[in-house]
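# Close look at the chain arrangement
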Amino acid sequence: MHATLLKAYKKMFLIRAAEQKIADHYLRNKIMSFVHFYVGQEAVAVGVADSLGKSDKMLGNHRSHGHYLAKGGNMRAMMCELLGKEAGSSRGKGGSMHMIDTSVNFVGSTPILAGVVPLACGVAFEQKFYKRKNITVAFLGDGAFEEGVVYETLNLAGLFRLPLLLVVENNLFSVNSPLTDRRARGHDSKTIVEGFGAKYMRADGNNYRDVVKKASALTRYLRGGSGPAVLECVTYRHMAHSAPIFDESCRAEDAAEVRKAKDSIARLRRELIKSGISEKTIARTEKNIEQGVEKDLAYAIAAPLPKKETLFTDLYV
Ligand SMILES: Cc1ncc(C[n+]2csc(CCOP(=O)(O)OP(=O)(O)O)c2C)c(N)n1
């Protein structure tokens, strides 16, 4: 248990360390595209990824650095992608919101809200059609969960009992609109999901243990052929919607001190220390991770841009 939790902690810390380095770089005007930071939500990506096998497929959204890294993505390829470099996972042409790396079965992400949901349905359909044992997971936010295509997808996935897990990362906001401004009184995700014949579970997205426990229960369920399923993880994004700033003006429910008290990384750190791992060991591990991330960012900064002749290759418009 000890070793599993430490491994999860390292992954969560790696994601946050990467985001913090990216944030510093962004603030120096070195990243010329939108970046949506995942800081605060790490327990969701890592908890879900830890319930999957390598051959399971994952799709993400506009806030997918954490999803990609949790699935085993390559840090250098990600950093290069963010900086538009040729060695990026999409050869520098996708940027933060079009991450794809089939070598780790991270099969795509799009900035169009819920855009990957029907795509994930197609991937899951293929798995079922060819009687493969793997499953497909797609991440979406609470705002994306309000898009009509999610319900069309649940209907089809329910009809064909597809091995599809939708993970709704409910961070309470869509940009600056809280749930209460967007949903009718009595809105109930569980009732909606179950109405399509899908299984629903809700997890504390600030608690790695709870996420991995529920994600594992659902992935077992999907492998049994009774899918689809939805896992709603209630969590907090620490930064503003799309920049490394801390705008507290609209945060009533999840004020900074609430977020800090419930932070998933701080929580797992406390648990590890309680289980007998020394503060010194953890601090050393953290330092090593930060130094590794710094090297990867330096690599990306020095890496070449795509050649001019390749300007119109790999484009689908
Ligand atoms: C179809 C569509 N509508 C609007 C947008 C603009 N937009 C980008 S992110 C976002 C908010 C998304 O909120 P949520 O799904 O809860 O995810 P979060 O950003 O909180 O992770 C909006 C409205 C978009 N990208 N696509």
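The text that follows walks through the structure, step by step, so that each part is easy to find. None of these values were measured; they are calculated from a predicted model.

## Examining the overall build of the protein
Counting its secondary structure elements, the protein contains 12 helices and eight strands. For 317 residues, the compact-globule estimate of 2.2 N^0.38 gives 20 Å, and the protein sits close to it at 19 Å. Its C-alpha atoms give the protein principal-axis dimensions of about 55 × 50 × 40 Å. Taken across its 317 residues, the protein has 52% of its residues classed as buried. Considering only intrachain contacts with a sequence separation of at least 6, the fraction spanning at least 24 residues in the protein is 73%. Accessible surface, the protein: about 14,900 Å² in total, of which carbon and sulfur atoms supply 57%.

## A look at the site of the ligand
The environment of the ligand is formed by 15 residues, the closest being His62, Arg63, Pro111, Gly143 and Ala144. One nitrogen or oxygen atom from the main chain of Asp142 is found 3.2 Å from an oxygen atom belonging to the ligand. The side chain of Asn171 places a nitrogen or oxygen atom 2.9 Å from an oxygen atom of the ligand. For the ligand, whose unbound accessible area comes to 590 Å², protein coverage reaches 74%. The residue inventory of the shell around the ligand, partitioned by class, reads six nonpolar, six polar and three charged.

## Points about a nonpolar patch on the surface
Taken together, the side chains of Phe125, Phe129, Tyr130, Leu156, Leu159 and Phe160 define a hydrophobic patch exposed on the protein surface, amounting to about 650 Å² of accessible area. Contributions of two or more residues to the nonpolar patch are made by α5 (116–129) and α6 (148–160). The leading source of residues in the nonpolar patch is α6, at three residues. You can see Tyr130 is positioned in the loop between α5 and β3 (136–141).

## Considerations on the nonpolar core
With 64 residues, the main nonpolar core has Val48 and Tyr208 as its most contacted residues. The biggest single contributor to this core is helix α1 (residues 2–27), with 11 residues. The contact partners of Tyr208, leaving out residues within four places of it in the chain, are Leu5, Ala8, Met12, Ala43, Val46, Gly47, Asp50 and Leu268. With 23 residues, the next largest nonpolar core counts Cys121, Ala144, Phe145 and Ala157 among its residues.

## Focus on the pairing of β3
Taken across its six residues, β3 has six buried, putting it largely inside the fold. Residues Thr136, Ala138 and Leu140 point to one face of β3 and Val137, Phe139 and Gly141 to the other, with burial holding for every one of them. The pairing of strand β1 (residues 57–60) with β3 spans three bridges and is classified as parallel. In the sheet register, Leu59 faces β3, and the bridge partner there is Ala138. Of the strand pairs in this sheet, β3 and strand β4 (residues 164–170) are connected by six bridges, and their pairing is parallel.

Analysis parameters
Position numbers for residues count from 1 along each chain, tracking the sequence in the order it is written. Local features are withheld for residues below a pLDDT of 70 in this predicted model, meaning they are given only at 70 or higher, and side-chain atom pairs are given and counted only at 80 or more; totals for whole chains, interfaces and linings count all residues. Neither water nor hydrogens contribute to the side-chain values; these are computed over all heavy atoms in the structure. Helix and strand definitions here come from DSSP, where helices need a minimum of 4 consecutive H or I residues and strands a minimum of 2 consecutive E residues; each element is numbered from the N-terminal end. Computation of the radius of gyration draws on C-alpha atoms, with the globule rule given as 2.2 Å multiplied by the number of residues to the power 0.38. Each residue is placed in one exposure class: buried if its accessible area under a 1.4 Å probe, protein chains only, is under 20% of its type's maximum, exposed if it is over 50%, and partly exposed if it falls in between. Only heavy atoms matter for contacts: two residues are in contact if any of them lie within 4.5 Å across the pair. Areas reported here follow the Shrake-Rupley algorithm with a probe of radius 1.4 Å; residue values treat only the protein chains shown as occluding. Nearness of a residue to a molecule or strand requires only that one of the residue's heavy atoms be within 4 Å of it. We define a polar contact as two N or O atoms separated by no more than 3.5 Å, with the added condition that, inside protein, one atom must be a possible hydrogen donor and the other a possible acceptor, whereas residues neighbouring each other in sequence contribute only through side-chain atom pairs. Three categories are distinguished: nonpolar for Ala, Val, Leu, Ile, Met, Phe, Trp, Tyr, Cys and Pro, charged for Asp, Glu, Lys and Arg, and polar for the others, with Gly belonging to the last. The patches described consist of residues with a relative accessible area above 30% and no salt bridge, like charges being joined within 9 Å and nonpolar side chains (Val, Leu, Ile, Met, Phe, Trp, Tyr) within 5 Å. Salt-bridge detection follows one rule: a side-chain nitrogen of Lys or Arg within 4 Å of a carboxyl oxygen of Asp or Glu. Nonpolar cores were defined as sets of buried Ala, Val, Leu, Ile, Met, Phe, Trp, Tyr and Cys residues, with membership established by side-chain atoms within 4.5 Å. DSSP calls a pair of strands paired once it identifies at least 2 bridges connecting them.

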